[in-house]
Amino acid sequence: MSNIPNVQGIPITLSDPKDDQGCEGQRPAPQRRLKKAVDKTGEPPSRFSLRVQAGWWRSMEYLGMSLHFLAPPQPPNPTFTRTIPSTLSKEKGKFVLHFYTPKGYEKAEQGTRYPAVVNFHGGGFTIGAATDDARFARVVLEQCRAVFVSVEYRLAPEYPFPTAVEDGADALLYLIRNATDLHIDTMRLATSGFSAGGNICITAPLRLASYLKSGASIPKHKIVAVAPWYPITDYTLTRAGRREVTINPKKALPTFFTDLFDASYLYPPDLDLANPLLSPSKASDEQLAEGLPQNVIFHTCEWDMLLREGEQLATRLGQPPLSKKVHYTMIPGVSHGWDKGPNPIQPAERSEELYLECCKRLNDAFEGK
């Protein structure tokens, strides 16, 4: 299957990590498991230098995604946005929700409610924008007749872990608390996300569950499905360990990206990499049982270094004692983020087909099947 190697629309040259192991390669004697952020990033670079690098790649990402959006069928623009305050994060501030709405929404009568898909974009928690997944949004609008809410969560290095996850949980809280005004059915909610956003689409519901467990009271609601696409799920794994089980290591993301993403998001240096809100694969059975819905629609990419950890989490979720309804798809012959290629002529091969299959399963979850 042909595809353009890219990170959020930025064309890149993929290379074998054995040729350049990045910051991890500078650590003495690679461990099988990493415990703290410093084990992965080494002495952290200055936050200023990380901001400069991130700013450059964000501008490149904007150009790449502009090309991505040219290919037919044209993706929609958001119908409206809402700027909301953070309430869970220690880093107080505001962030934006982008609302894509189905046909008839603007004339909906009082009492009309739509299911909602809350989406999180990719980009290593460092680059990317809420509009990046507009092609997926189009399919959700057409097939699910759901409101698609894409979250402009705050990015690292300005806002390292756990701000992105807490913004994700805050987005869910806002929709639940303002459902009447937004014509949203709080009993038919789902999350989706790509790459880093795939991590948040799992961890934001876990964060919401911990908030509710603390005694907080919010209106009745139900998240019926999560749909992660090629997510990172275990930060305790080393690059060497991932490489050993990667089907096509020459298709791995270049270390200049992964080093930037890790140093930006994994801060401070003593951050515990096994924190379940960072590495959902390390969550307990109890946390996963309480925090995640029964329906899990999980996608991985064959040539991705994240394939095995995603596959293992999907398998775990579907087996006792969790026994969730897992629809797992490994997409053959593609690299990480294959569907975001900067091809102005046509969408990435099979992307429309796989988006459609995902939405059919979301529909089943919304309908209680």
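Enquirer: What is the right way to read the packing of helix H3 (residues 47-68) against helix H9 (residues 255-265) from this model?
Expert: When two helices pack together, their arrangement is given by the angle between the helix axes and the distance between those axes. Two numbers describe how H3 lies on H9: the axes approach to 10 Å, and their chain directions differ by 130 degrees. Accordingly, the angle class assigned to the pair H3 and H9 is oblique. The way H3 lies across H9 gives a crossing that is left-handed. Residues Arg47, Leu50, Gln53, Ala54 and Trp57 of H3 form the contact with H9, whose own contacting residues are Phe256, Phe257, Leu260, Ala263 and Ser264.

Enquirer: Would you mind going over the nonpolar core with me for this structure?
Expert: Looking at soluble globular proteins, one finds that nonpolar side chains tend to be buried together. Leu97, Leu175 and Tyr265 are the most contacted members of the largest nonpolar core, which totals 63 residues. When residues of this core are assigned to their parent elements, the largest contribution, 9 residues, is made by helix H5 (residues 163-177). Apart from the residues within four sequence positions on either side, Leu97 is in contact with Phe80, Thr81, Arg82, Ile84, Val149, Ser150, Val151, Ala171, Tyr174 and Leu175. Counting residues in each nonpolar core, the second largest holds 33 residues, with Val117, Phe136, Val334 and Ala348 among its members.

Enquirer: Help me out: how do you make sense of helix H4 (residues 134-144) in this one?
Expert: Along an α-helix, a turn takes 3.6 residues, which lines up residues three or four apart on a common side. By the criterion of burial, H4 is predominantly enclosed, with 9 of the 11 residues buried. Among the residues of H4, Ala134, Arg135, Phe136, Ala137, Arg138, Val139, Val140, Leu141 and Cys144 are the ones counted as buried. Arg145 occupies a position one or two residues after H4 and carries a positive phi of about 45 degrees.

Enquirer: Is there a simple way to think about unusual backbone geometry in this case?
Expert: In this structure, Pro162 follows Phe161 across a cis peptide bond, with omega equal to 10 degrees. Within the secondary structure layout, Pro162 lies in the loop between strand E6 (147-152) and H5. For the peptide bond that leads from Pro320 to Pro321, omega is 10 degrees, which places it in the cis range. Topologically, Pro321 is positioned in the loop between helix H11 (307-318) and strand E10 (325-331). In this structure, Arg145 takes a positive phi of about 45 degrees despite not being glycine. Inspection of the secondary structure puts Arg145 in the loop between H4 and E6. Residue class for Arg145 comes out partly exposed when judged on its relative accessible area of 40%.

Enquirer: I keep staring at the confidence of the model for the protein and nothing clicks. Help me out?
Expert: In regions of low pLDDT, the predicted coordinates are not meant to be interpreted in detail. With 91% of its residues at a pLDDT of 70 or more, the protein has an overall mean of 91. Confidence over residues 26-31 falls short of pLDDT 50; this stretch has 6 contacts with residues more than four positions distant or in other chains.

Enquirer: Looking at this model, I keep getting lost on the sheet that holds strand E9 (residues 295-301). Mind explaining?
Expert: Within a sheet, neighbouring strands are paired by backbone hydrogen bonds and run either parallel or antiparallel to one another. Here 8 strands make up an open sheet; going across it, the order is E3-E4-E6-E5-E7-E8-E9-E10 and the pairing mixed. Two strands lie at the open edges of the sheet, namely strand E3 (80-85) and E10, each paired on one side alone. Ignoring strand direction, the axes of neighbouring strands in this sheet form an average angle of 20 degrees. By the bridge criterion, 7 bridges tie E9 to E10 in an arrangement that is parallel. Bridged to Cys301 within E10 is Ile331. Across the sheet, H5 touches E3, strand E4 (94-100), strand E5 (114-120), E6, strand E7 (184-194) and strand E8 (223-229), and the angle it forms with E4 is around 60 degrees. Most of the contacts of H11 go to E9, to which it runs at about 160 degrees, and overall it touches E9 and E10.

Calculation criteria
Residues numbered from 1 in each chain as written. Predicted model: local features only at pLDDT ≥ 70, side-chain atom pairs only at ≥ 80, totals over all residues. Heavy atoms only, no water. Axes fitted to C-alpha atoms, helices over the stretch in contact; angles between N-to-C directions. Helix = DSSP H or I, 4+ residues; strand = E, 2+ residues; numbered from the N terminus. Parallel < 35°, antiparallel > 145°, perpendicular 65-115°, else oblique. Left-handed = near helix turned anticlockwise from the far one by under 90°. Contact = heavy atoms within 4.5 Å. Core = buried A, V, L, I, M, F, W, Y, C linked by side-chain atoms within 4.5 Å. Buried < 20%, exposed > 50% of the residue type's maximum accessible area, 1.4 Å probe, protein only. pLDDT = per-residue confidence, 0-100. Pairing = 2+ DSSP bridges.

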